[in-house]
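This is what each chain is made of:
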Amino acid sequence: MSIFRPQHGGNLSWAAAQAGCLPTEILDFSASINPLGPPQSVLKAIRQHLDEISSYPDPASTILRQALSQLHQVPMDWILVGNGAAELLTWACRSLSELKQVHLVTPAFSDYGRALRAFGAKILTHNLNLPIDLPSRSVALWADLSEDFLLRSLAAFLSDPSFDAQEASASGLLLNNPHNPTGQIATKADLLPLLDCFSQVVVDEAFMEFLPQEDAYSLVGEIEAHPNLVVLRSLTKFYSIPGLRLGYAIAHPDRLAQWQQWRDPWSVNVLAMQAGVAGLQDIAFQGATYDWLAAAKPQLQAGLAALSGLTPLPSAANFFLVHCDASVLALQKALLQQRLLIRDCMSFAELGDRYFRVAVRTEAENVRLLQALADKLSDPLLSLSRPNLT
Ligand SMILES: Cc1ncc(COP(=O)(O)O)c(C=O)c1O
């Protein structure tokens, strides 16, 4: 396998090289980015503030932190803005690596391992044990029976006789909610007991923006009562600015002050900061996004489930993890010839080549993907379909 095989979704240069076309010609289902954006308000703000690139940005990102403080009803000094959630994840992992060990649910976003290993953390993984070698219909059955498998797995790990409460109290926990790549979600009520078990809990809520009602799930409202909690959020996905980069952390001011000392003082540029302020004020764009997702998500899920050999897992987020009866690599390659990019899961060691992840895009784009999938899955030359064994 090439060392240049992407570790993340959205690697359009790689996809274009495979497909022999321009990156702009690829329809990208591999990165879970809002297809309605970037909003006009954000583009306008970027244009309006272009002249300001001749000065250093405000290292405190004051106006954006003010807007976030209002949005979340959290004091400003509990908020730190970063060059994407990915930058703040690095500092969260540096903090975590100072603890005895770090518990990690797997499969996990690959940057968790990258950032933890960079600081020599001792990592203890808890595998969600997704089915790999079952035929599609059994996977669908498993998914029905195992609804909330993220929660069950967390509960099982806390109640396991081998769980060492003393060890946990000196250790950290890094969680992703909603969870990438499965799309599973845990409720706030389910997560709260974990805050009492671990010395530090980092919850990456990079996809939380896509839930119209996040109160029952997000831990942001718990932050002031729990100095050992860190919540990470991303603005790149919802506002479609992954190339600009913007995210923030909400945590105790002492912790954030320490991260600020560790990092480059100007990691958030002028244009990203203004884009964030404009996006947060754009209520119309937010509403349009929720309306789009409410229609396009069930459409894509039903379309995927109707295809023989594929099983999309239920998802709370704007993407689906899909089990495939055969290796997805040939399928990915064939779709690329039609300029469609899906995310293989080769970088998730626990999933291998039987899963792919797709973002929810506009209804017309979803139809294009579904038609191409139907086409490729029925192509005998690709030998993708395998008889269902159940
Ligand atoms: C779970 C998760 N956390 C964080 C990030 C990084 O987000 P950002 O683009 O804001 O750095 C990603 C990006 O794909 C992600 O999937």
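Cut-offs and rules
- Residues numbered from 1 in each chain as written.
- Predicted model: local features only at pLDDT ≥ 70, side-chain atom pairs only at ≥ 80, totals over all residues.
- Heavy atoms only, no water.
- Pairing = 2+ DSSP bridges.
- Helix = DSSP H or I, 4+ residues; strand = E, 2+ residues; numbered from the N terminus.
- Right-handed = clockwise from strand over helix to strand, strands pointing away.
- Near = heavy atom within 4 Å.
- Polar contact = N/O pair within 3.5 Å; in protein donor to acceptor, adjacent residues only side chain to side chain.
- Areas by Shrake-Rupley, 256 points an atom, 1.4 Å probe, with all protein chains shown as cover.
- Nonpolar A, V, L, I, M, F, W, Y, C, P; charged D, E, K, R; others polar.
- Expected span 1.5 Å × (residues − 1).
- Buried < 20%, exposed > 50% of the residue type's maximum accessible area, 1.4 Å probe, protein only.
- Patch = residues over 30% accessible without salt bridge, like charges linked within 9 Å, V, L, I, M, F, W, Y side chains within 5 Å.
- Salt bridge = Lys/Arg side-chain N within 4 Å of Asp/Glu carboxyl O.
- Lys, Arg positive; Asp, Glu negative; His and termini not counted.
- Charge placed at Lys NZ, Arg CZ, Asp CG, Glu CD.
- Domains from an automatic or database assignment.
- Contact = heavy atoms within 4.5 Å.
- Buried area = accessible area lost by both parts, 1.4 Å probe.
- Axes fitted to C-alpha atoms, helices over the stretch in contact; angles between N-to-C directions.

Participant: Hey, could you go over the pairing of strand β4 (residues 123-127) for me, with residue numbers and the actual values?
Facilitator: Bridge count between strand β3 (residues 102-106) and β4: five bridges; the pairing is parallel. Bridging from a neighbouring strand, H103 pairs with L124 of β4. Note that the unit made of β3, helix α5 (residues 110-118) and β4 has a crossover that is right-handed.

Participant: Residues and numbers for the site of the ligand, please.
Facilitator: Around the ligand there are 15 residues in total, and A85, D204, S234, K237 and R245 lie nearest to it. A85 has a polar backbone atom sitting 2.8 Å from an oxygen atom of the ligand. Note that an oxygen atom of the ligand is positioned 2.8 Å from one of the side-chain N or O atoms of T236. When isolated, the ligand has an accessible area of 400 Å², and the protein chains bury 89% of it. For the shell around the ligand, the residue count by class is seven nonpolar, five polar and three charged.

Participant: Tell me what's going on with helix α4 (residues 85-96), and back it up with residues and numbers.
Facilitator: With twelve residues, α4 extends 16 Å between its outermost C-alpha atoms, agreeing within 8% with the 16 Å of an ideal straight helix rising 1.5 Å per residue. Of all twelve residues in α4, ten are buried; the element is thus mostly enclosed.

Participant: A description of the sheet that holds strand β13 (residues 355-359) should follow, citing residues and the corresponding values.
Facilitator: The pairing of strands in a sheet happens through backbone hydrogen bonds and is either parallel or antiparallel. Judged by pairing direction, the sheet is antiparallel, and its four strands sit side by side in the order β9-β10-β13-β12 without closing on themselves. Taken across any chain shown, the strands that pair with only one partner, and hence form the sheet edges, are β9 (310-312) and β12 (343-344).

Participant: Break down a negative patch on the surface for me, with residues and values.
Facilitator: A grouping of D144, E147, D148 and D190 is seen on the molecular surface, where their side chains present a negatively charged patch. Counting through the fold element by element, D148 comes out in the loop between α6 (136-145) and α7 (149-159).

Participant: Lay out the domain arrangement of the protein chain with the relevant residues and their values.
Facilitator: What the domain assignment reports for the protein chain is domain 1 (12-30 + 284-382) and domain 2 (54-282). Its C-alpha centre places domain 1 at a distance of 25 Å from the equivalent point of domain 2. The interface of domain 1 with domain 2 comprises 26 residues on the first partner and 35 residues on the second. Between domain 1 and domain 2 lies a buried interface of about 2,600 Å² when both sides are counted; carbon and sulfur atoms form 63% of it. Where domain 1 packs against domain 2, one counts zero salt bridges. If you look at where domain 1 meets domain 2, you find twelve residue pairs in polar contact (both at pLDDT 80 or more). Among the secondary structure elements, those contributing two or more residues to the side of domain 1 that touches domain 2 are α12 (283-305), β9, β10 (319-324) and β13. Take the side of domain 1 that touches domain 2: its biggest share by element is seven residues, from α12. When its residues are assigned to classes, the side of domain 1 that touches domain 2 shows 15 nonpolar, seven polar and four charged.

Participant: Before we move on, can you summarise the pattern of salt bridges with the specific residues and values?
Facilitator: Tallied over the entire structure, the rule returns nine salt bridges. Between E205 and R233 there is a salt bridge, with the nearest N and O atoms lying 2.9 Å from each other. Here R233 lies in strand β7 (residues 229-234) and E205 lies in the loop between β6 (200-204) and β7, a separation of 28 residues in the sequence. Taking relative accessible area as the criterion, R233 reaches 1% and is therefore assigned buried. Here the salt bridges share partners, and the residues they tie into one network are E205, E209, E214 and R233.

Participant: Provide a residue-level description of the environment of P107, including the pertinent values.
Facilitator: Tracing the backbone shows P107 in the loop between β3 and α5. Sequence-wise, P107 and P181 are 74 residues apart; in three dimensions their C-alpha atoms are separated by 7.3 Å. Residues in contact with P107, not counting those within four places in the same chain, are N127, L128, H179, N180, P181, F348, E350 and L351.

Participant: Residue-level account of the sheet that holds strand β5 (residues 172-176), with values.
Facilitator: With mixed pairing, seven strands are arranged side by side in an open sheet as β2-β8-β7-β6-β5-β3-β4. In this open sheet, the two strands that pair with only one neighbour each are β2 (79-82) and β4. Looking at each pair of strands side by side, their axes are set apart by 20° on average, direction ignored. Sheet topology note: the β5/β6 ladder contains five bridges and is parallel. Note on β6: the bridge partner recorded for L173 is V201. Here α7 sits on the sheet in contact with β3, β4 and β5, set at roughly 145° to β3.

Participant: Please provide a residue-by-residue account of α7, values included.
Facilitator: Looking at α7, one finds that the buried residues are F149, L150, L151, S153, L154 and F157. Those residues of α7 hidden inside the fold are in contact with β3, β4, α6, β5 and α9 (188-197).

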